[in-house]
Amino acid sequence: MSEQIKQAIKAARKIVIKIGSNTLAKSDGTQNTEFMHSFARQVKNLIDAGKQVAVVSSGAQVSGVSALKEWARKKDVHYRQALCAIGQVELMSQWRKAFAQYDIHIGQLLFVKENFENKLQTLNIRNTLFTLVDEGVVPIINENDSVSCEEISIGDNDNLSALTSILWGADLLILFSDIDGVYSDNPKTNPDAKLILSVPNVDELRKQITIGDTNSFGTGGIETKLQAAQKCFDYNIPVILANGGKENILDKLSDGSADATLFLAEE
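Note that the structure is a prediction, hence the values are computed from the model and not measured. (Residues numbered from 1 in each chain as written. Predicted model: local features only at pLDDT ≥ 70, side-chain atom pairs only at ≥ 80, totals over all residues. Heavy atoms only, no water.)

Participant: Would you explain the overall build of the protein in this entry?
Facilitator: Looking only at helices and strands, the protein has 10 helices and 10 strands in total. Of all 267 residues assigned to the protein, the portion counted as buried reaches 49%. A sequence separation of at least 24 residues applies to 74% of the contacts in the protein between residues at least 6 apart. (Helix = DSSP H or I, 4+ residues; strand = E, 2+ residues; numbered from the N terminus. Buried < 20%, exposed > 50% of the residue type's maximum accessible area, 1.4 Å probe, protein only. Contact = heavy atoms within 4.5 Å.)

Quick look at the structure:
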């Protein structure tokens, strides 16, 4: 299966990579800048191989906590949204520093659900994405958590990355999480859980696995990843779910030396 993943990356020209909060957070909840710098280098490798890359990055709240540690325990929604407003600046600052090492510019795009439901707005998003990547700029995309509410919220960046992949016409979506892929059960609580390397049908997969809850940093979980995969299946976009916390994981997926789950719809 590692060879199939390698071939999926090799065949793709336009790649969306989603990075979850758990990948961007250290155990104390602060930014994992070491990961960000390593990731930027690996994206540079993809660009040098002729790929175009867009990044959907969680982490605004994590970055806010890094900047204002005294707000970490505040649960009021207004504080949380304010924390995201502060954290988004910190997040983009760190991404800018990481990619600047390789002379790559970044551009920020913040979305809410309405942006994907309005034809004029979706056209503008497409045009902006195409312009950025055609000029060698890496778009960094996130939900606009500071103004989002239940009525206009996408809710998680797994689904946001799928919507972005569809709108941009991507050839591949890579979801980075804190596990190696989809397991038959929660591998953190069940040592006998088996990694599922290939998923040709999401509905059938649901019957085979136990879907647990999200954890402390993320807003998603395995359910939102299955939702994202199903969205992409409808447009024949392969999806890879991999462990973003593994060292040089993007390089290892590209050379076939890392296992992950490949969602590839049946012909």
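Participant: When you look at the packing of aromatic side chains in this model, what are you seeing that I'm missing?
Facilitator: Aromatic ring pairs are described here by two measures, namely the spacing of the ring centres and the angle between the planes. Using the criterion set out here, one finds 6 aromatic pairs in the structure. Here the aromatic residues F35, F39, W95, F99 and F176 are joined through ring pairs into a cluster of three or more. (Phe/Tyr/Trp six-rings, centres within 6.5 Å; stacked < 30°, edge-to-face > 60°.)

Participant: Looking at this model, I keep getting lost on helix α7 (residues 157-168). Mind explaining?
Facilitator: Within an α-helix, residues lying three or four positions from one another point in the same direction, as the helix has 3.6 residues per turn. Here α7 is 12 residues long and its end C-alpha atoms lie 16 Å apart, about the 16 Å a rise of 1.5 Å per residue gives. Of all 12 residues that make up α7, 10 are buried, and the element is covered over most of its length. Looking only at α7, the buried set comprises N157, D158, N159, L160, S161, A162, T164, S165, L167 and W168. Measuring from the backbone nitrogen of D158 back to the side-chain oxygen at the start of α7 gives 3.1 Å, which picks out D156 as the cap. Two residues or fewer after α7 comes G169, characterised by a positive phi angle close to 75 degrees. (Expected span 1.5 Å × (residues − 1). Polar contact = N/O pair within 3.5 Å; in protein donor to acceptor, adjacent residues only side chain to side chain.)

Participant: Can you walk me through the sheet that holds strand β1 (residues 14-19) in this structure?
Facilitator: With mixed pairing, 8 strands are arranged side by side in an open sheet as β3-β4-β2-β1-β5-β9-β10-β8. Of all the strands in the sheet, just β3 (106-111) and β8 (198-199) have a single pairing partner and so form its edges. Sheet topology note: the β8/strand β10 (residues 261-263) ladder contains 2 bridges and is parallel. Bridging across to β10, S198 finds its partner in L262. Together, β1, β2 (52-57), β3, β4 (138-143) and β5 (172-177) form the strand contacts of α7, whose direction differs from that of β1 by roughly 170 degrees. (Pairing = 2+ DSSP bridges. Axes fitted to C-alpha atoms, helices over the stretch in contact; angles between N-to-C directions.)

Participant: Honestly, the side chain of N159 in this entry has me stumped. Any pointers?
Facilitator: Following the sequence through the fold, N159 ends up in helix α7. Owing to a relative accessible area of 5%, N159 belongs among the buried residues under this scheme. A distance of 2.6 Å separates polar atoms of two side chains, one belonging to N159 and the other to K231.

Participant: Teacher, can you tell me more about the packing of helix α6 (residues 119-134) against α7 here?
Facilitator: Two packed helices can be described by the angle between their axes and the distance between those axes. Contact geometry for α6 and α7: axes closest at 10 Å, N-to-C directions at 80 degrees. Taken together, α6 and α7 sit at an angle that is classed as roughly perpendicular. Listed contacts from α7 to T122, I125, R126, L129, F130 and V133 of α6 are T164, L167 and W168. (Parallel < 35°, antiparallel > 145°, perpendicular 65-115°, else oblique.)

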